[in-house]
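# Survey of secondary and tertiary structure
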Amino acid sequence: MKLRVEDLVVSFRNPDGELLPVLGPLSFSVSDNEFACVLGPSGCGKSTLIQVLAGLLPPTSGAAYSDGQVITRPLSGAAIMFQDTNLLPWRTVLDNIALPLEVAGISRADRYRRVRKLLPQLNLEDFERAYPAELSGGMAQRVALGRVIVQKPRAWLLDEPFGALDALTRESLRLELLQLRAGARQTLILVTHDINEAVLLADRVIVLSRRPGAVVADIEIALPRPRAADMIYQREFLLLTKEIRSYIDEQRA
Amino acid sequence: MQSNPDHDNYRSAQKRKLALRRLSPLMTILFLLLLWQWLSDRELVSPILVPPPADVYAAFAAALDDGSLVKHTLVTLGEMLYGLLLGVAIGLVLGYAIAKAPLLEYILSPIIVAFQSTPIVAYAPLLIIWFGTGPTSKIVTTAVIVFFPSLVNAIVGIRSVSPRLRDLMTSLNAGPWRAFRLLELPSALPVILAGLKTSTTLAVIGAVVGEFVSAGSGLGYLVTTARYQFDTPLVIVSVLTMTAIALSLYSLVAYVEWRSLAWQRRSAA
Ligand SMILES: Nc1ncnc2c1ncn2[C@@H]1O[C@H](COP(=O)(O)OP(=O)(O)O)[C@@H](O)[C@H]1O
Ligand SMILES: [Mg+2]
């Protein structure tokens, strides 16, 4: 699925009734099967951008397009992973991952069969009957990821999927994400404020300015795949992160 | 696995504590019964005011024998259950509508506030005038009294559904029915069940107050007639039966709550 935003602007009304711009104007496009990371400082409108792409928030002006069509409501081909895990606390791991299938009216036997096929890849086989509050942060993120994957989406919209985790868990989940995606090719937009994460995962990194977020750089990441955790020590990797950091530092000045 | 004696000691201490906690209410009841027996034996209070336990038991046995206790209990129980069903159903449906359309709250607020701030004993006679002295008026009285907590709990429950989870359902293109069944209902359930527990005890009040005002049967009627005949044992038997009904219904809802909210217990652990 090809995703594109054009002259996108989102403003919120603050309590005094003034219009506060939080995002844009910005334009970029992500082609079919591309993995793009949107990198930007906290509060620059990254979650807002994901919500527009997910069809949950109408833009103030400009528009987002999927395969050339204006996005006005949630698309059936796109799945969103929210910034916090956003799991239903009264549902087990199995039923949380199966939720999209249940909403789609798929029978219980089919739902469970499809989710159980997914559990080993997510390292969750032994936890299908656990409730979200009984899970570690990493496991809860895997459940949220499973809820995206089970939809077999043509576009994944991931809002800081590993943001709240410790460094080690985050590292292993990044590589798991690449493996999970490896089989089927899909378009991915992952939002992050972590430069290493963006370079390690993406085909392309789109750097946003501080609020209201606008595109300040759009960088091709030509590192070979499959990516490995120790790539971060390679010369090309360091050059890329250094270049991206310079764009971000420019912002600060 | 080797068991650690320290842990075993700790565990058996915990068990003893738990057993003591379970037994304590029974001990309290036993103590009260003994105190009652003792007061009667010593004739410290007049048997007209507090008849000895044996007399009460005799009244209980007699009322059970001639079928009158069962008959009156069933009448009150029926009024309560129908009243509960009616009041809770209307309260929940209207509460859901108000939670979804805040304008409704403003339109209906004068009626709701008026109902809520008037004591039930004040409008029970009016309901008797409108609905007759039969069970219908008691059903309506009960429905009116349980309506309000159900309404409020439905409003609170539905309004407190997480907006982020609503976004999730929207992103999955869930229609209103699926959003209700998969998100709103389970999310509001703890509040609604807590309200239902309160409603069961209120239901006894509703039915009995209705019977006090005017009735030809029911436990409230039994109390009134026994009182006129200075049959204090029978009054006590009727009152204890009401207590038993209220406690059983409350426990039933508490059990349903316990069963359906297992996730909360496990999440808290
Ligand atoms: N519903 C809203 N109403 C008003 N302001 C909002 C709303 N949502 C987000 N904001 C503001 O918009 C800015 C961008 O938010 P967000 O997109 O969450 O940023 P990021 O995800 O990049 O940290 C923040 O300053 C935030 O306070
Ligand atoms: Mg965010």
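Every value quoted in this text rests on a predicted model; they were computed, and no experiment measured them. (Residues numbered from 1 in each chain as written. Chains lettered and ligands numbered in written order. Predicted model: local features only at pLDDT ≥ 70, side-chain atom pairs only at ≥ 80, totals over all residues. Heavy atoms only, no water.)

## Thoughts on the side chain of Arg91(A)
Threshold: Going along the chain from the N terminus, every DSSP run of H or I of four or more residues is numbered as a helix, and every run of E of two or more is numbered as a strand. When a residue's accessible area, from a 1.4 Å probe over protein chains only, is under 20% of the maximum for its type it is buried; when over 50% it is exposed; and in between it is partly exposed. For this analysis, residues touch if any pair of their heavy atoms sits within 4.5 Å.
Locating Arg91(A) in the fold gives a position in the loop between strand S6 (78–81) and helix H2 (93–103). Exposure remark for Arg91(A): the relative accessible area of 9% places this residue in the buried category. The residues contacting Arg91(A), other than those within four sequence positions of it, are Asn96(A), Leu99(A), Glu102(A), Ala130(A), Tyr131(A), Pro132(A) and Leu182(B).

## Some details on the coordination of the magnesium ion (ligand 2)
Ideal coordination angles are 109.5 degrees for a metal with four donors arranged tetrahedrally and 90 or 180 degrees for a metal with six donors arranged octahedrally. Residue and element names in this part refer to chain A. We apply this condition: Each metal site is built from N, O and S donor atoms within 2.8 Å (3.2 Å for Na, K and Ca), and since water is not included, such sites may look incomplete.
Distances from the magnesium ion (ligand 2) to its protein donors, Ser 47 (OG) and Gln 83 (OE1), fall at 2.0 to 2.3 Å. With Ser 47 in helix H1 (residues 46–53) and Gln 83 in the loop between S6 and H2, the pair connects residues that are 36 residues apart, well separated along the chain. The class for Ser 47 is partly exposed, based on a relative accessible area of 25%.

## Describing the pattern of salt bridges
Where we set the bar: A side-chain nitrogen of Lys or Arg and a carboxyl oxygen of Asp or Glu constitute a salt bridge if their distance falls within 4 Å.
Throughout the structure, instances matching the rule amount to 21 salt bridges over all chains. Between Glu6(A) and Arg4(A) there is a salt bridge, and its shortest N-O distance comes to 2.1 Å. Residue classification places Arg4(A) among the partly exposed residues on the basis of a relative accessible area of 25%. Taken together, the shared-partner salt bridges in this structure form one network comprising Arg91(A), Glu102(A), Arg111(A) and Arg181(B).

## Section: the domain arrangement of chain B
Rules: Delimitation of the domains relies on an automatic or database domain assignment.
Partitioning chain B into domains gives domain 1 (1–44) and domain 2 (52–268). Each of domain 1 of chain B and domain 2 of chain B was reduced to a C-alpha centroid, and the two centroids are 33 Å apart.

## Notes on the interface of chain B and chain A
Using the following cut-off: Each of two parts loses accessible area, computed with a 1.4 Å probe, when they are put together; buried area is these two losses added. Within 3.5 Å is the distance limit for a polar contact, defined as a pair of N or O atoms, with the added protein rule that one can donate a hydrogen and the other accept it, and that residues adjacent in sequence qualify only through two side-chain atoms.
Across the contact, 19 residues belong to chain B and 28 residues belong to chain A. For the pair chain B and chain A, the summed buried surface comes to about 2,100 Å²; carbon and sulfur atoms form 62% of the total. The three residues of chain B that bury the most area against chain A are Arg164(B), Trp263(B) and Arg266(B), which together make up 28% of that side's buried surface. Linking chain B with chain A are 3 salt bridges, by the criterion used here. Linking Arg181(B) and Glu102(A) is a salt bridge whose minimum nitrogen-to-oxygen distance equals 3.7 Å. Connecting chain B to chain A are 9 residue pairs in polar contact (both at pLDDT 80 or more). Those elements giving two or more residues to the side of chain B that touches chain A turn out to be helix H7 (163–171), helix H8 (176–213) and helix H11 (262–268) of chain B. In terms of residues, the side of chain B that touches chain A owes the most to one element, H7(B), which gives 7 residues.

## Notes on the domain arrangement of chain A
All names here are of chain A. The cut-off we apply is this: Under the convention adopted here, Pro, Cys and the residues Ala, Val, Leu, Ile, Met, Phe, Trp and Tyr are nonpolar, Asp, Glu, Lys and Arg are charged, and Gly plus all remaining residues are polar.
By the assigned domains, chain A splits into domain 1 (3–77 + 155–252) and domain 2 (86–152). Put simply, the middle of domain 1 and the middle of domain 2, counted by C-alpha atoms, are 25 Å apart. Contact residues are listed per partner, giving 8 residues for domain 1 and 10 residues for domain 2. Carbon and sulfur atoms supply 70% of the area buried between domain 1 and domain 2, which totals about 910 Å² over both sides. Counting across the domain 1 and domain 2 interface gives 1 salt bridge. Among the ionic pairs, Arg 142 bridges to Glu 176, the shortest N-O distance being 3.0 Å. In this structure, the connection of domain 1 to domain 2 is made through 2 residue pairs in polar contact (both at pLDDT 80 or more). The residue inventory of the side of domain 1 that touches domain 2, partitioned by class, reads 6 nonpolar, 1 polar and 1 charged.

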